[in-house]
Amino acid sequence: MNGPRTGSGFRSSRIWIVAAREFRQTVLTKGFIFGAIIFPLLMFAVIAAIPFLISSTPVPVSGTLLVADEDGSIAAAMQKAFDDYKANGSQPAPGSFEDAIATRPTGPEGDLAGNFEDAPISVEVIIERVPLDSDLSSARQLVQSGERLGLVEVPAALLAADPPRDLDISLLVPSDSPAKTTALFSRIARRSTVVARVERNGSDLLSAQALVREPKTETARLTTNGDEAKELLELRFLLPGGFMMLMWIAAFTSANQLLTTTIEEKSSKVIEVLLSATSPLELLAGKIVGQGLVSLLMLSTYGAAGMAGLAFMTMLDIIAPTTILLFVLWFLLAYFMSASIMAAVGSAVSDLREAQSLIQPAMMAFMIPLLLWMPITENPTGWLATITSFIPPIGPFIMVLRTTGAIEPIPNWQIGLALLVNGVSTVGLVWLASRVFRIGVLMQGKPPNPLELLRWARTR
Amino acid sequence: MTESNEPAVVLRGVVKRFGAVDAVKNLDLNVPRGSLVGLLGPNGAGKSTAIRMIMSLIRPDRGELLVFGGDALDAKDRIGYLPEERGVYRRMRVGEFLIYLGRLKGLPRHGLSARVEGWLERIELPGVFRSRCQELSKGMQQKVQFIGAVLHSPDLIVLDEPFSGLDPVNTRVLISAVQDLHKEGRTLFLSTHQMTQAEQLCERVILINRGEKILDASTREVTERFSPRAIEIEPLVRSDDDQDILAAIEGVESVRLSDDRRSIVMTIAPDHDLQLVMTQALTQVPARRTEISRVSLDDVFVRLVTEHGGHSRVPIRGAA
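It should be emphasised that the depicted structure is a prediction, and the values quoted were computed from it without experimental measurement. (Residues numbered from 1 in each chain as written. Chains lettered and ligands numbered in written order. Predicted model: local features only at pLDDT ≥ 70, side-chain atom pairs only at ≥ 80, totals over all residues. Heavy atoms only, no water.)

Q: Please give an account of the overall build of chain A that cites residues and values.
A: Within chain A, the regular secondary structure consists of 17 helices and six strands. A buried classification covers 45% of the 460 residues belonging to chain A. Looking at chain A alone, contacts between residues at least 24 apart form 75% of all its contacts between residues at least 6 apart. Carbon and sulfur atoms make up 64% of the accessible area of chain A, which totals about 22,800 Å². (Helix = DSSP H or I, 4+ residues; strand = E, 2+ residues; numbered from the N terminus. Buried < 20%, exposed > 50% of the residue type's maximum accessible area, 1.4 Å probe, protein only. Contact = heavy atoms within 4.5 Å. Areas by Shrake-Rupley, 256 points an atom, 1.4 Å probe, with all protein chains shown as cover.)

Q: Tell me about the sheet that holds strand 4 (residues 62-67) of chain B, and please be specific about residues and values.
A: Residues and elements named next belong to chain B. Overall, antiparallel pairing links the three strands, which are arranged 2-1-4 in an open sheet. Each edge of the open sheet carries a strand with a single partner, namely strand 2 (21-31) and strand 4. Put simply, the sheet's adjacent strands are angled 25 degrees from each other on average, direction ignored. Pairing analysis gives five bridges linking strand 1 (residues 9-18) to strand 4, with the strands arranged antiparallel. Counterpart to valine 10 in the pairing with strand 4 is leucine 66. Across the sheet, helix 1 (residues 47-54) lies against strand 1, strand 2 and strand 4, angled at about 120 degrees from strand 1, the strand it touches most. (Pairing = 2+ DSSP bridges. Axes fitted to C-alpha atoms, helices over the stretch in contact; angles between N-to-C directions.)

Q: Tell me what's going on with the side chain of lysine 105 of chain B, and back it up with residues and numbers.
A: Residues and elements named next belong to chain B. By secondary structure assignment, the location of lysine 105 is in the loop between helix 2 (94-104) and helix 3 (112-122). For the buried lysine 105, no salt bridge exists, and the shortest N-O distance to an oppositely charged side chain is 5.3 Å, to aspartate 77. Within the local environment of lysine 105, its side chain forms a polar contact with the backbone oxygen of lysine 76, the two atoms lying 3.0 Å apart. In terms of polar contacts, lysine 105 uses its side chain to reach the backbone carbonyl oxygen of isoleucine 79, at 2.9 Å. (Lys, Arg positive; Asp, Glu negative; His and termini not counted. Salt bridge = Lys/Arg side-chain N within 4 Å of Asp/Glu carboxyl O. Polar contact = N/O pair within 3.5 Å; in protein donor to acceptor, adjacent residues only side chain to side chain.)

Q: Give me the lowdown on the interface of chain A and chain B, citing residues and values where you can.
A: Of the residues lining the interface, 31 residues belong to chain A; the matching set on chain B comes to 31 residues. Both sides together, the interface formed by chain A and chain B hides about 2,800 Å², and carbon and sulfur atoms give 56% of it. For chain A, the biggest contributors to the area lost against chain B are Glu272, Ser276 and Leu442 of chain A; these three give 21% of the whole. Linking chain A to chain B there are four salt bridges. Notably, a salt bridge pairs arginine 91 of chain B with glutamate 264 of chain A, separated by 3.5 Å at the nearest N-O pair. Between the two partners, chain A and chain B, sit 10 residue pairs in polar contact (both at pLDDT 80 or more). Residue assignment for the side of chain A that touches chain B shows that the elements contributing at least two residues are helix 1 (12-27), helix 8 (233-267) and helix 9 (270-275) of chain A. Per-element accounting of the side of chain A that touches chain B gives the leading share, six residues, to helix 1 of chain A. A class-by-class count of the residues in the side of chain A that touches chain B yields 10 nonpolar, 10 polar and 11 charged. (Buried area = accessible area lost by both parts, 1.4 Å probe. Nonpolar A, V, L, I, M, F, W, Y, C, P; charged D, E, K, R; others polar.)

Q: Kindly report on helix 12 (residues 352-371) of chain A, identifying the contributing residues and their values.
A: All names here are of chain A. Spanning 20 residues, helix 12 covers 26 Å between terminal C-alpha atoms, matching the ideal 28 Å at 1.5 Å per step. When the local axis directions of helix 12 are compared, the greatest deviation, roughly 50 degrees, occurs at isoleucine 359, which is followed within four positions by the proline proline 361. Three or more residues of helix 12 are buried, namely Glu354, Ala355, Leu358, Ile359, Ala362, Phe366 and Pro369. The opening residue of helix 12, the one whose side-chain oxygen lies 3.1 Å from the backbone nitrogen of arginine 353, is aspartate 351. (Expected span 1.5 Å × (residues − 1). Bend = angle between axes of the 7 residues up to and from the residue.)

Q: A description of helix 3 of chain B should follow, citing residues and the corresponding values.
A: All names here are of chain B. Those residues of helix 3 lying buried are Leu112, Val116, Trp119 and Leu120. Down the axis of helix 3, the sector holding all buried residues measures 105 degrees, keeping them to one side. Exposed side of helix 3, more than 90 degrees from the buried face: Ala114 and Glu121 are the residues found there. Those residues of helix 3 that are buried are in contact with helix 2, helix 4 (138-150) and helix 5 (168-183). Looking one or two residues past helix 3, glutamate 124 carries a phi angle of roughly 60 degrees, positive in sign. (Arc of directions from axis to C-beta.)

Q: Outline a nonpolar patch on the surface, supporting the account with residue identities and numerical values.
A: All names here are of chain A. Taken together, the side chains of Leu28, Ile33, Phe34, Ile38, Phe39, Leu42, Met43, Val46, Ile47 and Ile50 present a nonpolar region at the surface, about 920 Å² in accessible area. Looking at the secondary structure, you find valine 46 in helix 2 (residues 30-55). Residue classification places valine 46 among the partly exposed residues on the basis of a relative accessible area of 45%. (Patch = residues over 30% accessible without salt bridge, like charges linked within 9 Å, V, L, I, M, F, W, Y side chains within 5 Å.)

Q: Please give an account of the confidence of the model for chain B that cites residues and values.
A: Residues and elements named next belong to chain B. The predicted model of chain B averages 87 in pLDDT, with 95% of residues at 70 or higher. The low-confidence segment residues 312-320, where pLDDT is below 50, has 29 contacts with residues more than four positions distant or belonging to other chains. What the predictor reports for the complex is a pTM of 0.71 with an ipTM of 0.79. (pLDDT = per-residue confidence, 0-100.)

Q: Just give me the short version of the pattern of salt bridges, but keep the residues and values in it.
A: Residues and elements named next belong to chain B. Within this structure, the stated rule accounts for 31 salt bridges over all chains. Between arginine 204 and aspartate 216 there is a salt bridge, with the nearest N and O atoms lying 3.0 Å from each other. Within this pair, whereas arginine 204 is found in strand 8 (residues 204-209), its partner aspartate 216 is found in strand 9 (residues 212-218), the two being separated by 12 residues in sequence. When the shortest N-O distance is used, the salt bridge between glutamate 234 and arginine 288 registers 3.6 Å. Note that glutamate 234 is positioned in strand 10 (residues 230-235) and arginine 288 in strand 13 (residues 287-292), a separation of 54 residues in sequence. Beyond isolated ion pairs, a larger network of salt bridges with shared partners links Glu232, Glu234, Arg288, Arg289 and Glu291.

Q: If you had to explain the pairing of strand 3 (residues 36-40) of chain B to someone new, which residues and values would you point to?
A: All names here are of chain B. Summarising burial for strand 3: five of the five residues are buried, a large majority. Neither face of strand 3 is open: one carries Leu36, Gly38 and Leu40, the other Val37 and Leu39, and all of them are buried. The pairing of strand 3 with strand 8 spans four bridges and is classified as parallel. Bridged to glycine 38 within strand 8 is valine 205.

Q: Could you give an account of the packing of aromatic side chains, with specific residues and numbers?
A: For the structure on display, the rule yields 12 aromatic pairs over all chains. Centroid distance phenylalanine 82 of chain A to phenylalanine 185 of chain A: 5.9 Å. Interplanar angle 80 degrees. Geometry classified as edge-to-face. Here phenylalanine 82 of chain A, found in helix 3 (residues 73-88), pairs with phenylalanine 185 of chain A, found in helix 6 (residues 179-200); they are 103 residues apart in sequence, far enough to count as distant. Ring geometry for phenylalanine 366 of chain A and phenylalanine 397 of chain A: centres 6.0 Å apart, planes at 75 degrees, overall edge-to-face. Taken as a pair, phenylalanine 366 of chain A in helix 12 and phenylalanine 397 of chain A in helix 15 (residues 395-405) lie far apart in primary sequence, 31 residues in all. The same class applies to phenylalanine 366 of chain A and to phenylalanine 397 of chain A, which are both buried. One aromatic cluster is present, formed by Trp248, Phe252, Phe366 and Phe397 of chain A through successive ring pairs. Geometry around tyrosine 89 of chain B places arginine 21 of chain A over its ring, the cationic atom sitting 3.7 Å from the centre. The ring of phenylalanine 68 of chain B carries arginine 78 of chain B above its face, with NZ or CZ at 4.0 Å from the centroid. (Phe/Tyr/Trp six-rings, centres within 6.5 Å; stacked < 30°, edge-to-face > 60°. Lys NZ or Arg CZ within 6 Å of the ring centre and 35° of its normal.)

Written out as structure tokens, the structure is:
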């Protein structure tokens, strides 16, 4: 005997043999290995490597920059900025004045010298002033030939107390000037113009910066039991969505594979050979378990990549172990529901085209959680979230959105009831699918309509 | 009755309907252990439906069906099955596919590869163990499936149209394998509408038409029962009197020329001995060749099916 019997002709060992074949035949394909394992890992590796790649590419800047201004104040400010930059290196950097004044100044000239995180590492720039009213054509030629790093032309009106809004600084650089270099010149020219303007109008830059600096806010949510939960706005929306999408993709990739393999076995007529060795229920169970293992492998791969990403950003603590445990439970319920539907449909049709019309209603139902992502995440304890948690087959998806996104814990009774309702529905769907499957796999000819499928389920 | 004495398959009053069509009507069958029985019938007669019920793929609507004295479902591992509609996993390797089927039939993993290799050699498919099924010809795939049916050394082997679509060489290979399995004492139950193979292989034939059994007898009984009781004689020297001389022999009912007009065919009355009449004929008309005409299963098939209302209406589709 092969294994323990759990009913007439039902042996668990056969289920594992079928499951092992399903798993191997799906996983050991180039498509799966590349699409489900190598590609996500590669993506993660590339994303993780980008900062290193960028920061490890030094772009030295060395030479003379021409500055045409009214009285030399801007040229002087720019020379100081370049000197400070050379002395201090790159610091957290604003690209605009508004950003600059929101940062604590590092000296009398504030953050002028720093805050250029993606700027060139090695900077050795000498400023050569050119009178604004002189003929700039020779200066332009020097830039064009590459003998000078560039030409900055600052109109005199920009130093006025109320400069015109439509007047710009002109920056001319050689055609092969690196983007990082031109960005650095642009920023330093803008900031130096502001420094010169402030000084010309008799104000103190440090005081001005301090006066207009906006303080930051740190939001916390006060839960019903009095605890303060730190608000991470981006993660509050992204984390539940990420978990749900992960679950959706893993469940439906495998369920879809189940549909395809069932149709293939039926159309290639191999199904009758299999049914001479196993019962339809054993075959169905084996196929569902096998593809379930495939989806768990996918889930683990993507999940591990995501967790590694969070660990990389030192944010691993935002996911509690119970959240992961519950996620696996919700995933299993979602997978078994979708797999049952796909297997039943696959058994009843002869090709994928015929399957489309039968799958469509179910797929529309499974799309609902995607539409409810934002409203549920916005209010995970509201009436919409609560009610939809108990509606199969979308319940498990909704619960994932709720449990991973809620600041306040979801009441235990709701988790328990959702597990019960969706669990019972899953068992019911698997049973219905097995009833349809045992008849469908031997049927040929015109595909049935949904009513006929129900009639099959009632057939003795 | 002990298990060893029980027939391999018993059907009593089995009925199966698909919608308005009676696929099988009150079918009684008895396939003794160790026998080689042929289930014959025209297309759509109900052969595959009967076999699918024996394989417990579908359940009878009425009647009793026993395999080795019990439920067919409990005997799955003791049955090997080659279905009419052939199928393999196209992208799977031959060895892997057969090992999978063997495992499903309860064979241990250890030693299974060697067993598969042995069978591939035996039915003249060496070197395909690592080939993908889709790389094989249709006939080779059919032989692979045959191995799938017999790999686990089943007590009962059910073959649905095992020779259809095979070339003469491969047909001979499979016939030889079937005969070997029979010699080993296994019960073989095969369905076919190719009478030549049935005649060559089976010791008993069951003919069904429109879901009903119309003949159930040993091959010898069929030959005797449906014998035309005729002697064909080809005279050494042709003479116009030959027919009159032969017609005058006692027991000869009628005399006629054969279709090719080279022989004379004598029909013998039922109460006369064929050997005696043949001896008398030879003494009166010296012959180049003489033989007692034999009935072929083909003739019996056509005659009985015609008598019972011709072919079935349509092949049965589906199996609900």
